[in-house]
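Topology and contacts: notes
If you want the building blocks of each chain, they are given just below.
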Amino acid sequence: MKLYLVAGEASGDEHGAALMRALREILPDLVFSGRGGPKMQAVAGEAFINWSDSAAVVGLWEVVKRYGYFREQFQSALGEVARANPDAVVLIDYPGFNLRLARALKKKSPALKIIYYISPQVWAWNRGRIRQMARFLDLMLCIFPFEAELYNRSGLRTIFVGHPMIQNLAKLRTGEERQANLIGLFPGSRGREVRKIFPIMLGAAGEIAAARPEIHFEVAAASEPLAVQIRQMLADSPLRQRVRIVTADAAGTMQRACAGMVASGTATLEAAYFRLPFVLVYKVSWPTYFAARLVLKTKHLGMPNVLAGREIIPEFIQHEARPAAISKAILKLMNDQAERDLMVSEFEAIIAKLGESGASAKAARAIIGELNQTR
């Protein structure tokens with residue numbers, strides 16, 4: 001049996017690799033092809049294409065500027081599927097590319113099974129698109145409980161498998177005590193994010209240090225290239241002696257720190273899982289921001305707030321992402337134990353909604369079950 005998989009970013013690569021390992025436990029001879037990141041390539045073999053560094057972009061404007069590249073990669077992916085002749089295509093998150101690929105593949109080969117894992121958050125910007133997705137997707141595997149009801153009601157057969165983050169993060173618990181004077185900075189997993197967001201976080205850190213000289217900071221760099229970028233940005237900062245950069249250990253920083261500044265994305269749920277009181281900081285290019293505001297249907301950006309249905313973590317987005325406001329919110333979390341306890345209790349309820357450990361295994365069983373129906 002053969003599967004072709006596509007992921008486009010670091011988180012998709014991690015979840016894709018876990019899914020591939022779970023599939024291999026059920027079918028050891030399963031053959032993988034496709035494109036993703038280094039973790040998926042390590043499971044599948046060298047023939048699997050590692051494109052995640054080039055594929056990871058943020059926002060409409062950034063995609064438009066690289067339209068030629070993505071058009072070329074799209075055509076390449078269509079050719080790869082045709083040559084591989086897989087039993088099914090499994091698309092992992094990365095909706096801007098993967099939804100278009102699914103539509104093109106179904107039009108070209110109506111009998112080809114197309115399964116989507118980690119559903120695109122169309123409920124946040126265009127719920128009417130779900131009925132369209134039902135025409136070219138055979139099965140949706142979602143990671144948030146409310147999605148299954150929404151998608152099934154719209155005619156797209158969907159199974160809630162739980163959030164794969166749970167099983168991944170459970171292995172990373174350290175049990176270490178929080179350091180009362182440590183603040184964690186999580187500026188994102190892409191270079192463009194870091195360039196936009198880290199200077200804002202650094203500005204807030206400067207104001208916090210002025211108010212509380214005993215406080216120090218730890219920056220979680222998602223990769224060594226990003227760590228190099230962050231070191232360069234720190235080189236002329238008066239805070240450079242009080243900032244430690246840690247590479248590929250965001251979970252450790254989230255458990256050591258007393259509070260945090262977190263870029264929007266999966267990291268907000270990870271921080272909630274580790275019960276780190278934090279604020280959300282996010283900034284993109286202005287064309288991307290205005291385009292998003294036109295279509296976004298949810299009131300909040302951070303997934304903990306979306307799941308809670310109200311703001312439980314302060315959000316500082318775009319023009320509101322100002323060091324003075326961010327530092328004030330962080331100092332409140334550092335100084336007000338009742339505020340910290342309330343936020344942590346909200347995190348307990350949110351994480352409980354994400355299901356138990358074993359999402360990858362559940363997703364693998366659902367995929368195998370779908371394939372067995374047609375064999």
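No experiment lies behind these values; they were computed from the predicted model shown.

**Some details on the pairing of strand S2 (residues 31-36)**
Taken together, the five bridges between strand S1 (residues 2-6) and S2 define a ladder with parallel strand orientation. Residue pairing in the sheet places Lys2 in a bridge with Val31 of S2. Considered for its hand, the β-α-β crossover made up of S1, helix H1 (residues 10-26) and S2 is right-handed. As paired elements, S2 and strand S3 (residues 49-50) share two bridges and run parallel to each other. When the bridges of S3 are listed, Arg35 appears paired with Ile49. Taken together, S2, helix H2 (residues 38-44) and S3 constitute a β-α-β crossover, and its handedness is right-handed.

**Details of the pairing of strand S6 (residues 139-142)**
By the alternation rule, side chains of S6 split into Leu139 and Leu141 and Met140 and Cys142, which are all buried. Judged from the three bridges that link them, strand S5 (residues 113-117) and S6 form a sheet pairing that is parallel. Looking at the pairing, Tyr116 lines up with Met140 of S6.

**Observations concerning helix H6 (residues 95-108)**
The end-to-end C-alpha distance of H6 is 19 Å, a good match for the 20 Å that 14 residues give at a rise of 1.5 Å each. Buried within H6 are the following residues: Phe97, Asn98, Leu99, Leu101, Ala102, Leu105 and Lys106. Where H6 is buried, its residues contact S1, helix H5 (67-84), strand S4 (88-92), S5 and helix H7 (129-136).

**So, the environment of Leu342**
Secondary-structure assignment places Leu342 in helix H17 (residues 337-352). Since its relative accessible area comes to 49%, Leu342 is described here as partly exposed. For the pair Leu342 and Ala272, spaced 70 residues apart in sequence, the C-alpha separation works out to 12 Å.

**So, the pattern of salt bridges**
Across all of its chains, the model carries 17 salt bridges by this definition. The residue Lys39 makes a salt bridge to Glu14 at a minimum N-O spacing of 3.8 Å. Of the two residues, Lys39 sits in helix H2 while Glu14 sits in helix H1, which places them 25 residues apart along the sequence. Taking relative accessible area as the criterion, Lys39 reaches 44% and is therefore assigned partly exposed.

**What to know about the sheet that holds strand S12 (residues 278-282)**
Through backbone hydrogen bonds, the strands of a sheet pair up, either in parallel or in antiparallel fashion. Overall, parallel pairing links the six strands, which are arranged S10-S9-S8-S11-S12-S13 in an open sheet. Since the sheet does not close on itself, it has two edges, and those belong to strand S10 (243-247) and strand S13 (315-317), each with one partner. Taking the axes of each pair of neighbouring strands and ignoring which way they run, one obtains an average angle of 20° across the sheet. Against the sheet, helix H10 (residues 191-211) touches strand S8 (182-186), strand S9 (216-221), strand S11 (259-263) and S12, its axis set at about 160° to S11. In the packing of helix H13 (residues 266-273) onto the sheet, contacts are made with S11 and S12, and the angle to S11 comes to roughly 155°.

Analysis parameters
- Residues numbered from 1 in each chain as written.
- Predicted model: local features only at pLDDT ≥ 70, side-chain atom pairs only at ≥ 80, totals over all residues.
- Heavy atoms only, no water.
- Pairing = 2+ DSSP bridges.
- Helix = DSSP H or I, 4+ residues; strand = E, 2+ residues; numbered from the N terminus.
- Right-handed = clockwise from strand over helix to strand, strands pointing away.
- Buried < 20%, exposed > 50% of the residue type's maximum accessible area, 1.4 Å probe, protein only.
- Expected span 1.5 Å × (residues − 1).
- Contact = heavy atoms within 4.5 Å.
- Salt bridge = Lys/Arg side-chain N within 4 Å of Asp/Glu carboxyl O.
- Axes fitted to C-alpha atoms, helices over the stretch in contact; angles between N-to-C directions.

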